[in-house]
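# Observations on the three-dimensional arrangement
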Amino acid sequence: MEIMKATPDVQLPSPFTGTGTIKNPATGSIAGEVRWTDPADVSHLAAGLRTAQKEWEARGPKGRAKVLARYAVWLGEHRAEIEKLLIAETGKSAVDAAQEVPLIIMITSYYIKTMEKALAPESRPASLPFLAIKKITVHYRPRPVTGIIAPWNYPVANALMDAIAALAAGSAVLLKPSERTPLTAELLLRGWLDSGAPEVLALAQGAREVSEAVIDNSDFVQFTGSSATGVKVMERAARRLTPVSLELGGKDPMIVLEDADIELAAHAAVWGAMFNAGQTCVSVERVYVLESVYDQFVAAVVRAVEKLRTGAGEGHEFGALIDESQVAVTERHVRDALAAGATALTGGERPAGSGNFYPPTVLVDVDHSMACMTEETFGPTLPIMKVASVDEAIRLANDSEYGLSAAVFSRDVEHAKAVAVQLDCGAVNINDVISNLMCTTAPMGGWKTSGMGVRFGGAEGLRKYCKQEVVVAPRTNLGAGGNYYNNSLKTLNRMNAIMTKLALIGPRRSAK
Ligand code: NAD
């Protein structure tokens with residue numbers, strides 16, 4: 001029997017056209033309105049940025065640093081206003097909202113201090129004596145338009161962490177915030193312009209269609225979001241061979257060794273797992289504890305979790321999840337784990353009532369057959385597994401498709417460091433969690449499906465927004481043209497024999 005096609009192939013209109021209403025995830029009240037960008041307009045936005053970028057580049061690092069400094073001051077002065085909007089748009093607790101602006105001011109301050117040196121042309125020595133007649137300089141030239149596609153979990157930090165670095169490098173920025181949190185970005189842009197900065201920062205508001213137009217019209221794409229979307233971004237960018245930097249999902253492990261300060265480790269695990277209601281790429285998503293200290297650790301974790309007060313805004317530590325889909329993933333991970341034999345020592349069930357809340361949930365009797373230990377939850381779960389040895393902890397920590405960051409707790413810091421370098425991920429914090437994000441001098445970036453390239457930090461975090469241009473100039477005009485067709489084959493062979501002899505001095509020595 002032929003199956004009738006029930007519905008014709010219709011292209012549904014995008015819900016992100018005209019004006020949209022953003023609701024507070026904690027209360028359902030209206031947080032604000034946004035005007036969605038028509039994807040067809042993105043090329044005009046990019047063209048405007050491309051024009052303005054020329055003057056921005058010409059200001060040089062010193063001139064741009066002044067503008068960034070004024071913006072940092074604006075951010076500091078408007079912190080309360082930004083955090084109020086952040087809470088309304090995301091349902092965060094006040095404690096969580098309080099982290100974003102200070103982090104960005106700290107990062108901006110670091111770039112202001114270091115950008116001139118990081119972007120200065122670099123002289124490179126000649127590799128062989130006969131090349132000493134050449135002066136070799138590497139110039140860092142900004143990519144004209146950087147497209148930044150951001151997630152919703154930290155609307156200030158995840159937008160500006162990258163935008164400030166790209167702007168410092170001399171690029172113009174086309175920022176596409178998450179369609180779930182477009183409002184904070186509008187305020188951040190207003191601040192950029194109010195602080196007297198030129199129009200080298202613009203917003204494209206919308207979802208996938210607008211993202212794709214941003215990718216198509218940028219010279220470099222900085223994407224932060226899930227690993228699945230990261231693949232799509234890279235595929236789209238490949239059409240024009242546009243380079244990408246990807247900051248993706250994580251399933252960060254924590255290892256608690258026998259000699260750890262258990263109270264400290266438990267407190268860190270709870271904060272690392274529950275901060276921002278678990279919606280942090282570098283949150284603690286699973287813990288491996290040596291069996292001799294397991295009971296003590298679990299008891300301390302439960303005590304700390306029970307003290308958390310749930311609700312958005314002030315007076316609470318633990319806020320709402322962004323939307324129903326995020327609650328659904330958390331519910332599935334917990335439900336499946338419980339069905340497979342896990343035990344919830346706290347939470348474990350969605351409370352009745354309104355708002356996208358899910359309680360902080362500590363799970364024990366878990367293993368790697370469960371999604372809560374292998375898939376990114378991005379919600380308030382803290383699964384804890386007992387292990388018999390350090391080697392088992394390392395093996396399980398590395399048994400993941402992700403590799404963003406990790407934590408190791410031990411009073412023997414040297415031993416913890418030895419464990420750290422056996423973990424396959426971009427950063428390891430010892431006796432702490434998430435603190436590598438504050439270390440602005442070091443590169444931050446994930447391994448495996450957690451990312452590609454360096455997100456921010458150090459000179460690498462600025463130079464990624466630049467192309468490298470090598471200028472080779474003569475130190476003297478003596479010998480100019482010595483390698484052209486005016487040489488006879490005999491002279492050429494003689495010259496090559498000398499060059500080869502010189503180049504082989506090192507290898508001959510090393511080969512002995
Ligand atoms: P997401 O991948 O759903 O969306 C991220 C952005 O991509 C949004 O702006 C969205 O509009 C856009 N987008 C959606 N589909 C697209 C497509 N086909 N092509 C191009 N762009 C598209 O992620 P999310 O739910 O907003 O954020 C949560 C994820 O982000 C988690 O996996 C988390 O771990 C990750 N994250 C990583 C870091 C990090 O530094 N590694 C930081 C924060 C968040």
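Heads up: these notes are all about the structure in this document. Along every chain, residues carry numbers that run from 1 in the direction the sequence is written. Only residues with pLDDT of at least 70 are given local features in this predicted model, and only at 80 or more are side-chain atom pairs given and counted; all residues enter the totals for whole chains, interfaces and linings. For the side-chain quantities, the full set of heavy atoms in the structure was used; hydrogens and water were omitted.

## Overview of the packing of aromatic side chains
Convention followed: Under the pairing criterion, centres of Phe, Tyr and Trp rings, with the six-membered ring standing for Trp, must be within 6.5 Å; the plane angle then separates stacked pairs below 30 degrees from edge-to-face pairs above 60, leaving the rest tilted. Comment: elements are numbered from the N terminus, with helices defined as DSSP H or I runs of at least four residues and strands as E runs of at least two. Three exposure classes are used, based on accessible area relative to the maximum for each residue type with a 1.4 Å probe and protein chains only: buried under 20%, partly exposed in between, and exposed over 50%.
Summed over all chains, the structure comprises 9 aromatic pairs. For the ring pair Trp56 and Trp192, a centre distance of 6.0 Å and an interplane angle of 75° mean the geometry is edge-to-face. Of the two residues, Trp56 sits in helix H1 (residues 42–58) while Trp192 sits in helix H7 (residues 183–194), which places them 136 residues apart along the sequence. Across the pair, exposure class does not vary: Trp56 and Trp192 are buried alike. Taken together, Trp56, Tyr71, Trp74 and Trp192 form an aromatic cluster joined through their ring pairs.

## Brief notes about the site of the ligand
The line we're drawing: It suffices for a single heavy atom of a residue to lie within 4 Å of a molecule or strand for the residue to be listed as near it. Identification of polar contacts relies on pairs of N or O atoms within 3.5 Å, with a donor-acceptor requirement for protein atoms, meaning one able to donate a hydrogen and the other able to accept it, and with residues adjacent in sequence counted only if both atoms are side-chain atoms. Each accessible area value is a Shrake-Rupley result obtained with a 1.4 Å probe; residue values ignore everything except the protein chains displayed when judging cover. Buried and open spaces are told apart on a 1 Å grid over the protein atoms alone, a cavity being a set of points where a 1.4 Å probe fits but cannot get out and a pocket being an open set with protein on both sides within 12 Å along at least five of seven lines. Residues with an atom within 4 Å of a point are the lining residues. To be counted as sitting in a cavity or pocket, a molecule needs more than half of its atoms within 2 Å of that site's grid points. Three classes are used, and their members are as follows: Ala, Val, Leu, Ile, Met, Phe, Trp, Tyr, Cys and Pro are nonpolar, Asp, Glu, Lys and Arg are charged, and the others, Gly among them, are polar.
Near the ligand lie 31 residues; those nearest to it are Ala150, Glu179, Ser226, Thr229 and Glu376. Glu247 places a side-chain nitrogen or oxygen 3.3 Å from a nitrogen atom of the ligand. Here an oxygen atom of the ligand and a side-chain polar atom of Glu376 are 2.5 Å apart. Out of a free accessible area of 850 Å², the ligand has 91% covered by protein chains. Its atoms largely coinciding with the cavity grid, the ligand occupies the largest pocket. For the shell around the ligand, the secondary-structure elements that each account for two or more residues are helix H8 (208–216), strand S8 (220–224) and helix H9 (227–238). Here the shell around the ligand takes 3 residues from H9, the largest share from any one element. Across the shell around the ligand, the residue classes break down as 13 nonpolar, 10 polar and 8 charged.

## Brief notes about empty space enclosed by the protein
Test applied: Grid points are joined across faces, edges and corners, and a volume is the space filled by probe spheres set on the points.
Taken as a whole and judged by the stated rule, the model has 4 cavities of 30 Å³ or more. Considering the residues around the largest cavity, the lining is formed by 15 residues, among which Pro253, Ala397, Ser405, Asp424 and Cys425 are closest to the centre. Among the residues forming the lining of the largest cavity, the class breakdown is 7 nonpolar, 3 polar and 5 charged. Put simply, the second largest cavity is a space of about 70 Å³. Residue lining of the second largest cavity: Asp252, Pro253, Val282, Ser283, Val284, Ser405, Ala406, Ala407, Asn429, Val433, Ile434 and Asn436, and that is the complete set. Mapped onto the lining of the second largest cavity, the elements with two or more residues apiece are strand S10 (252–256) and strand S16 (405–409). For the lining of the second largest cavity, the element with the highest residue contribution is S16, accounting for 3 residues.

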